[in-house]
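Given next are the chains, with one letter for each unit.
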Amino acid sequence: MNEDKSNDIFIFPKWTWVLRPAVAVGALGGLLYVTVVVAFGFSPRATDVGYAPVQPVPYSHALHVGQLGVDCRYCHTSVESTAHASVPPTQTCMNCHKTVRANSEKLIPVFESYSTGMPVEWIRVHDLPDYVYFNHSAHVRRGVGCVSCHGRIDTMEVVTQVEPLSMGWCLECHRNPEQHLRPLEFVTQLDWVPEEDQAALGRRLREIHNINPPQDCNTCHR
Amino acid sequence: MSSMNRNTGVTYWRSLDELERTPEFQEAVRREFPDDNWDQLPPATRRQFLMVMGASLAMAGLTACRWPKEEIVPFAHRPEGRTPGVPEHFATSLELGGAALGMLVTSFDGRPIKAEGNPMHPDSLGSLNAIAQAEILGLYDPDRSQRLLLREGGQEYVKQWSDFESVAADVFSGSGAGVAVLAGSSSSPTRAGLRDRFLEAHPEARWFEYEAISRDNERFGTAMVFGAAHRVQPSLATAGVVACFDADPLFDHPAALRLAREFAAARNPKTGSGARLYVSESNYSLTGARADHRVAVASRNVPQLLARVTQQLVAVHGLELPPAAAGYAGSVSQAPTDEESRFVELLARDLASHRGESVILVGPRQAPAVHALAAILNTALGATGSTIAYALEPDSERPHHMDALGELASAIQSGEVSTLLILGGNPAYDGPADLGFADLLAKVPLSIHLSLYDDETSQRCSWHLPRAHTLESWGDGRAWDGSVTTRQPLIEPLYGGRSDLEVLALALGGGMESGYELVRGVMREAAADAGPEEFWRRVLHDGVVEASAWDRVTPQARPGDLAVAVDAFRELLDADRPTAERPELVLVADPQVHDGRFANNGWLQELPDALTKITWDNALLVSPATARDMGLSNGEIAEVSVGGSTIELPCYVLPGQARNSLTVSLGYGRTAAGQVGNGVGVDAYVLRTSSAPHVLSSVSVRATGRSYPLATTQDHFAIDTLGFAERNVRVENLVREASLDAYLANPNVFHEHEHHPPLVSLWKDHEYEGEQWGMAIDLNTCIGCNACIVACQSENNIPVVGREQVLNQREM
């Protein structure tokens, strides 16, 4: 018992016993929460996956690739020979559309582009940062299927990004390419599944083609 | 072993300051980071802090969680063979001083990014010089003129090409009375054709050609003795002895790249012909820096030296000159110095014992009579056909560039010119001061200047037309040996410019003919057996027309001409030696900005001069002895006066400069070059007169006592005194020298001088697998042309830092 009442000011109410630890936990926890939320919020998984911008021409891959069976390489011609897959020039569209659906409203921007010579301005969906170098031909020619990075384009009315395309995601495959290798003739067949176990197939293909994906920084950060 | 130089005090030094370890130099070395003068940094105020941080904070606003949308914009019609992202190469050319240099330019997605040499071009052989490498930067220069301007009544009006077309239709009609065209030197067959058509359509019009840095003295020299102007084509591939008199064939020659390559091959110890190099000159050229024997002589005394060599050759070695040329071997009254005597003796002996393998070259600053003598000597020494070849100069009636401008100036003066069309060039800036061309332009009622920049001349003309850059225009030209070279654009004119061919065609009244049509027309006409279209495509691909070099001729000296030439030469022998009170001043083309046309090119301005290492300025080059006599110190501003005109510029003490002969580079001190070139250096053209365009006498120099810090990289990253001393002790291992004889006797002579047995490593060495890349520079063939520096800057996007940062040792 304290005789001197003046010291009562130093006796805090009971609820303050939990205040200090609660504030500490709250602060630290809050910090942790903010970090996690921001990290997740800015990560490619949150920002890029699901990106499906509206294009100037409502080109449907589901129709052309899925239904009509046009191969990826008919339009994306340089995917096996150069770094860029290259979006096709209007000429390529007009190869068919000179006669097919020549009166379609949806194709007006294409017809305009062809006659004026001004390009169709597509919105880029799969965008890597400028400081990164990615070479399509290195992947396509070695048996990485289009679907591994771009998903089931042949079912998309509007092209959507399905994979995060982050550095960590790329490194996953570079460290373990067996999961994504396929025989070269099936590279553009988006619905192909291996008959045998993918890992076993991948191992075999890796050995046959001597596939050693580099993991040096300067592979991509040139 | 005894042939290796022992440490007999061989010291490698970069500047006299370093050699003498002056207190200033030591201080500069002590400060590892010259700009870290912490006491003198400007104080950072709170206001500045907030300004800087405020900017960053503003940019930290989160506009979107995803980066801004990017577009893919493909072609509507993709050209055949074009794959986006894959670079293509196109053969084109650059013309400087009337000779075309072939280039292979890399185009990435339709934009030229890098210039390389064209292996099929005889003057390039796959290489380029610094200026050609830097042309890429000139193409993208934002200071280039982007609009047509009409200056009238004190006002400036922005015009369109259609406006000019209607004016041109008016002005260039009729017989051409009062019309004059001033153009730069060009070997373009298309332009020659247009000129002929123009003069035919307008018989009273006059055509003048002017080039500030002209090689006409050589032309006139050959004309003096051979009766017609000839093109001198040296070849060093089989040369055993090369003698240069104020000449710089390895760098300052239209075929310099080829000559440097041949020289390198000739200097191969095992397979080369030797090419022992004797150089006599007043300033320090790159050829002089490579010379085996060099004597520094004032430019006006070079004829005496050549005369002595002739005398020695005839008297002692029995060289036979044509009878009418006997006067060349007469005695020289001026007493030679010991150095000169020795040089003459060695050279004469070597020339005489290498007949058919030797060549005498004279530089463009020497008078025609000296070139004439060289031609006679070369013929007598049997050089024709092996180390020198001749072809007839096309357009042999053309007057000397200086005379042409003089004629135009007097025509303007007497009011004969009412319309003046200037195709390229910058005569208001680089014309000789005595003509006063800048003021004369005001007298011409209608003057039109086609130019890359709105420069000094354009600002004094009525019309300024933006010119298409070399990389934006169709054209052609001829290499030094006459090979027809094409030029094709890598990109459409960025700023709506037109080439000189197109403007000339406009003046012909043909409307807007495109350069493509003009050049193609000329090429197709020239097609021999193959179909014209196939020929055209082949020529565009190669950049050069096969076997189109001029035919070689063997000119004969005519006795009547010889007598006149001898007299002209002997007059030159009266020149006395310059003194410290009356030194000689030599105006030279700058190795970086040439005659000033490249003054706005940052790469070239920041390119350290090969010997002085000066960036961003020009200086008065003076030898140490002369500086002492004149009371000048390094970096001190000197006042140079010639015939009433005066300039003030800093001086630079360069060991190796001739006694009492000073050198200044032309091409600086520009006022309308652009943001990079304005105000850099001092304009030496004010001292130039049409009678003495390069070598000036009766010069007076006065030290002003003020100094100017020249941004030179000479002493950058120098070592301290102890290190310097230790380096000199070890230098025989660091820089292994041996004479050619020692090397041929024992090719391992360099390896044998080991000062310790192979070292055993204390730890496991790193295993290197796979390929390794290294870069080695063969210093036996490097001449210091600096093209590699500009090429690296071009390839790797290396920034230009500016004069102040170079002074802070921050040059890239």
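In the block above lies the structure referred to throughout.
Report follows, based on the coordinates.

**A word on empty space enclosed by the protein**
All names here are of chain B. Tallying each qualifying case throughout the model produces two cavities of 30 Å³ or more. By volume, the second largest cavity amounts to about 870 Å³. Together, 49 residues line the second largest cavity, and G424, G425, L452, R467 and R597 are the ones closest to its centre. Taken together, the elements giving at least two residues each to the lining of the second largest cavity come down to strand 2 (88–96), helix 4 (130–139), strand 7 (179–183), strand 15 (419–423), helix 14 (427–430), strand 16 (446–451), strand 18 (475–478) and helix 16 (500–507). Each residue belonging to the lining of the second largest cavity can be placed in one class, and the counts come to 17 nonpolar, 19 polar and 13 charged.

**Some thoughts on the sheet that holds strand 4 (residues 111–117) of chain B**
Residue and element names in this part refer to chain B. Read across the open sheet, the three strands follow the order 2-3-4; overall the sheet is antiparallel. Among the strands making up the open sheet, the edge pair consists of strand 2 and strand 4. Averaged over all pairs of adjacent strands, the angle between strand axes in this sheet comes to 40°, irrespective of strand direction. Examined bridge by bridge, strand 2 and strand 3 (residues 99–108) share nine bridges and lie antiparallel to one another. In the sheet register, A91 faces strand 3, and the bridge partner there is L104.

**Comments concerning the packing of aromatic side chains**
All names here are of chain A. One pass over the structure, following the stated rule, counts 12 aromatic pairs over all chains. On the basis of an interplanar angle of 15° and a centroid distance of 5.0 Å, the ring pair of F186 and W192 is categorised as stacked. In this structure F186 comes out as partly exposed when scored by relative accessible area, which is 24%. The buried category is assigned to W192, whose relative accessible area is 16%.

**A look at the side chain of B:D617**
All names here are of chain B. Here D617 lies in the loop between helix 20 (602–605) and strand 21 (620–622). Here the side chain of D617 touches G681 through a polar contact of 3.2 Å, landing on its backbone nitrogen. For D617, the side chain forms a polar contact with the side chain of Y708, separated by 3.0 Å. If we ignore the near neighbours within four places in the chain, the residues touching D617 are Y668, V680, G681, Y708, L710 and R803.

**Thoughts on the interface of chain A and chain B**
Each side of the interface is counted separately: chain A has 30 residues, and chain B has 18 residues. Both faces combined, the contact of chain A with chain B buries some 2100 Å², and carbon together with sulfur accounts for 58% of it. For chain A, the biggest contributors to the area lost against chain B are A:P89, A:R124 and A:D127; these three give 21% of the whole. Connecting chain A to chain B are one salt bridge. Among the ionic pairs, A:R124 bridges to B:E70, the shortest N-O distance being 3.3 Å. Applying the counting criterion to the chain A and chain B interface returns eight residue pairs in polar contact (both at pLDDT 80 or more). When contributions to the side of chain A that touches chain B are tallied by element, the ones reaching two or more residues are helix 5 (90–97), helix 6 (108–116) and strand 1 (122–123) of chain A. The residue makeup of the side of chain A that touches chain B, split by class, is 14 nonpolar, 11 polar and five charged.

**Some points on unusual backbone geometry**
Residue and element names in this part refer to chain B. Here the phi dihedral of D395 falls at roughly 55°; this positive angle occurs in a residue that is not glycine. Looking at the secondary structure, you find D395 in the loop between strand 14 (388–392) and helix 13 (401–413). According to the relative accessible area criterion, D395 is partly exposed, its value standing at 37%. A positive phi is found at K613, a non-glycine position, where the angle reads about 60°. With respect to the secondary-structure elements, K613 resides in the loop between helix 20 and strand 21. By relative accessible area, K613 is classed as partly exposed at 25%.

Reading the values: the criteria
Residues numbered from 1 in each chain as written. Chains lettered and ligands numbered in written order. Predicted model: local features only at pLDDT ≥ 70, side-chain atom pairs only at ≥ 80, totals over all residues. Heavy atoms only, no water. 1 Å grid on protein atoms, 1.4 Å probe; cavity = no way out; pocket = protein on both sides within 12 Å on 5 of 7 lines; lining within 4 Å. Points joined across faces, edges and corners; volume = space filled by probe spheres on them. Helix = DSSP H or I, 4+ residues; strand = E, 2+ residues; numbered from the N terminus. Nonpolar A, V, L, I, M, F, W, Y, C, P; charged D, E, K, R; others polar. Pairing = 2+ DSSP bridges. Axes fitted to C-alpha atoms, helices over the stretch in contact; angles between N-to-C directions. Phe/Tyr/Trp six-rings, centres within 6.5 Å; stacked < 30°, edge-to-face > 60°. Buried < 20%, exposed > 50% of the residue type's maximum accessible area, 1.4 Å probe, protein only. Polar contact = N/O pair within 3.5 Å; in protein donor to acceptor, adjacent residues only side chain to side chain. Contact = heavy atoms within 4.5 Å. Buried area = accessible area lost by both parts, 1.4 Å probe. Salt bridge = Lys/Arg side-chain N within 4 Å of Asp/Glu carboxyl O.

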